[in-house]
Amino acid sequence: MKTIRRKLFLTYAGLLFLTVLLLGMGLTWFLRGFYVETIQRRVTEEARLVGELLKPVLNDYPENFERAQTDSYIEYLGQQTSARITVIAPDGLVLGDSAEMAQQMDNHLTRVEIRKAQQNGVGSSIRYSQTIGEEMLYTAVSLTDERHIIGYLRLALPLAQLNMALVRLRYGLLATSLLVLLFTLGLSFPLSTSLTRPLQEIAAVAKKVSQGELESRIRVGNEDEIGTLADAVNRMAESLQGQLQVVREGKHQLEAILATMVEGIIVFSDDGRALIVNPAAAQMLGLEEDGWHGKYDLELIRNKALHDKMRAVSLDRIYQSHELHITFPEKRVLIVNLAPIRAKQMEHADVLAVFHDITRLRKLEDIRSDFVANVSHELRTPLTAIRGFAETLVHDDFNDAETTHRFAKIIYREAQRLHTLIEDILTLAQIESGKTKIADIPINLENVIQDVVDRLDQRLQEYQLKLDLAPQLPQPRGDDRLLTQALYNLLDNALKYTQPGGTITIGVHPQDEMIRLQVADSGIGIPLVAQERIFERFYRVDRARSRRLGGTGLGLAIVKHIVEAHNGRLDLESEEGVGTTISIFLPLNPKQVD
């Protein structure tokens, strides 16, 4: 991976190398030009001086020109000046050369330096000499008399020494440049490190922040751009930490709200997958913990009608409701309200499903309906009898005292039955309403049992009554009047459904921090199918027998509500044809009685 430090170091190295290279090339070019210009000036002066010396030779050309004498003279001057001397006629013919045979040389009128000298009086050029076989500096001057050019004098110096000097200069510059480069690179490495170390720390902290370690902070004391960046990252981490804390608190609040809600809550994604399920919904639908996540609604709630309504809510973003009947984990009636969770960037909306358990409400409605029907039925029977016999007495004209007395007894019995029914209904209503003030005093169960036995003494004479009382009975707290009525109802039921001569047992025993008060009989027993409903209002196993014995169908319902008002519970054991045992369990250390 290419790090910033490496990039900075390579950038510094490249820039320094390029700078040193350009500097060396420029300096070499400058020195070469400087040396060449200096040599050109010197050679020009020497050419003019030598030209003045050779003017007499050119003045004799071509009539009195002596080539041999001229060659020896030019050779002598060339040795003195250390330069190659060439004398050229106005027409370009080489008249003499200190290094070569003039007769073998080409016409020089087209040479660059000669043409410049022809135009300006002085001309120079640098080129490779085919004759000498090396790079040469040529400088020519025009030689004139008072009126016209009489010839040209050219001096040529080899540039080998200059090139050698320049090579040595280049090597020196290269060595110096390398030393400077190494020294500078040695400084650039710690410099790049000092620049990148804060960036590395910023990157490390940013990585930790991205991984959730929002408490990480950058400790950079720089006041430059890096310091500004570090401060910005720290502020970002603080802001994210604060926002995350708010989100966490909101999440915890939402979880607490969802966990404590009685209504079931399920959030489905736009494709029908469960995203959120609160405990109430899981309990209602019998969902395993964490076993619901990501499952489709038809997997969790196997109801096609509800599925179709959820799709409509997601697609059309409308509100829907549905009544759901389920049988697992238990029979329930649920009202499901469906609402879209709007998301502008999504084509389809998620769906919020709120489940309201109305099982108890429906059951209460059914009970109320049954209660009204049962009360109407129970009241109609005695009222019909009273009305019928009363009308007979009013409209029939007879003086039969015995018949009148018999009719009056029937009217009285039915009125008494009606009175008992109304009293039981009022008692049950008062207990259920919670308006009846229930005492909270120690109860002597022996006295309660004796009171009930005394009240039913005449009827008990036809039965074998047994008392099974534990010694030193503890005293539960509660309302002795209501417990007396509960025991009276249980004993009255036992007398009604036990044949004369049968056995009835009243027992009291402590059991598991509670006290058990039970009434057992050897009567006809209760069928198994009827045992679950025996404590409901107006429920009778044998309606004809119950009415014949004067029962209202409310006795056991009153017992149930009295026991519940004392924070106790009821237990039923019965076998058809063998007998029935009903037990009341009362706490010995109850909380405040409702």
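The structure contained in this document is the topic of the report that follows. (Residues numbered from 1 in each chain as written. Predicted model: local features only at pLDDT ≥ 70, side-chain atom pairs only at ≥ 80, totals over all residues. Heavy atoms only, no water.)

**Observations regarding the packing of aromatic side chains**
And then number 1: Counted under the stated rule, the structure contains zero aromatic pairs.
And then number 2: Sitting over the face of the ring of Y138, R127 holds its NZ or CZ atom 4.2 Å from the ring centroid.
And then number 3: Stacked on the ring of F585, the Lys or Arg R569 has its end atom at 4.1 Å from the ring centre. (Phe/Tyr/Trp six-rings, centres within 6.5 Å; stacked < 30°, edge-to-face > 60°. Lys NZ or Arg CZ within 6 Å of the ring centre and 35° of its normal.)

**Here we look at the pattern of salt bridges**
And then number 1: Scanning all chains against the criterion turns up 15 salt bridges.
And then number 2: Here D271 ties to R273 by a salt bridge, and the two come within 3.5 Å at their closest N and O atoms.
And then number 3: Residue classification places R273 among the partly exposed residues on the basis of a relative accessible area of 32%.
And then number 4: Between E323 and R362 there is a salt bridge; the shortest N-O distance is 2.7 Å. Linking E323 in strand β8 (residues 320-326) with R362 in helix α9 (residues 359-395), this pair joins segments that are 39 residues apart in sequence.
And then number 5: We classify R362 as partly exposed; its relative accessible area is 28%.
And then number 6: Look at the salt bridges and you will find they share partners, linking E113, R127 and R154 into a network. (Salt bridge = Lys/Arg side-chain N within 4 Å of Asp/Glu carboxyl O. Buried < 20%, exposed > 50% of the residue type's maximum accessible area, 1.4 Å probe, protein only. Helix = DSSP H or I, 4+ residues; strand = E, 2+ residues; numbered from the N terminus.)

**Some details on the sheet that holds strand β10 (residues 350-357)**
And then number 1: Judged by pairing direction, the sheet is antiparallel, and its five strands sit side by side in the order β7-β6-β10-β9-β8 without closing on themselves. Each having just a single partner strand, β7 (274-277) and β8 make up the two edges of the open sheet. Sheet twist, expressed as the mean angle between neighbouring strand axes with direction ignored, is 25°.
And then number 2: The pairing of β8 with strand β9 (residues 332-341) spans seven bridges and is antiparallel. Pairing of Q320 across the sheet is with L338, part of β9.
And then number 3: Across the sheet, helix α8 (residues 304-316) is in contact with β6 (264-268), β8, β9 and β10; its angle to β8 comes to roughly 160°. (Pairing = 2+ DSSP bridges. Axes fitted to C-alpha atoms, helices over the stretch in contact; angles between N-to-C directions. Contact = heavy atoms within 4.5 Å.)

**Looking at the nonpolar core**
And then number 1: By size, the foremost hydrophobic cluster in this structure holds 43 residues, and its most contacted members are L491 and I584.
And then number 2: With eight residues, helix α13 (residues 480-496) is the single largest residue contributor to this core.
And then number 3: Not counting chain neighbours up to four residues away, the residues in contact with L491 comprise V452, L456, L460, I504, I506 and V519.
And then number 4: In terms of nonpolar packing, the next biggest core, distinct from the first, is built from 23 residues, A274, V313, L334 and L338 among them. (Core = buried A, V, L, I, M, F, W, Y, C linked by side-chain atoms within 4.5 Å.)

**Brief notes about the packing of helix α11 (residues 445-455) against α13**
And then number 1: Their axes nearest at 9 Å, the elements α11 and α13 cross at an angle of 50°. With respect to their mutual orientation, α11 and α13 come out oblique. α11 and α13 meet at a crossing whose hand is right-handed. Taken together, the residues of α13 that come into contact with α11 (itself represented by V448, I449, D451, V452 and R455) are L483, T484, L487, Y488 and L491.
And then number 2: Looking at side-chain class alone, the contact of α11 with α13 contains seven nonpolar, one polar and two charged residues. (Parallel < 35°, antiparallel > 145°, perpendicular 65-115°, else oblique. Left-handed = near helix turned anticlockwise from the far one by under 90°. Nonpolar A, V, L, I, M, F, W, Y, C, P; charged D, E, K, R; others polar.)

**Description of a nonpolar patch on the surface**
And then number 1: On the surface, F17, L18, L21, L22 and M25 cluster together to form a nonpolar patch covering roughly 500 Å² of accessible area.
And then number 2: Topologically, L21 is positioned in helix α1 (residues 4-59).
And then number 3: When its relative accessible area of 40% is taken as the criterion, L21 is described as partly exposed. (Patch = residues over 30% accessible without salt bridge, like charges linked within 9 Å, V, L, I, M, F, W, Y side chains within 5 Å. Areas by Shrake-Rupley, 256 points an atom, 1.4 Å probe, with all protein chains shown as cover.)

**Concerning α13**
And then number 1: The terminal C-alpha atoms of α13 lie 24 Å apart, and with 17 residues this matches the ideal 24 Å at 1.5 Å per residue to within 8%.
And then number 2: Along α13, twelve of the 17 residues are buried, which leaves the element largely enclosed by surrounding structure.
And then number 3: What α13 keeps buried is the set L482, L483, T484, A486, L487, N489, L490, L491, D492, A494, L495 and K496.
And then number 4: A side-chain oxygen of the first residue of α13 lies 3.0 Å from the backbone nitrogen of R481; this N-cap is D479. (Expected span 1.5 Å × (residues − 1). Polar contact = N/O pair within 3.5 Å; in protein donor to acceptor, adjacent residues only side chain to side chain.)

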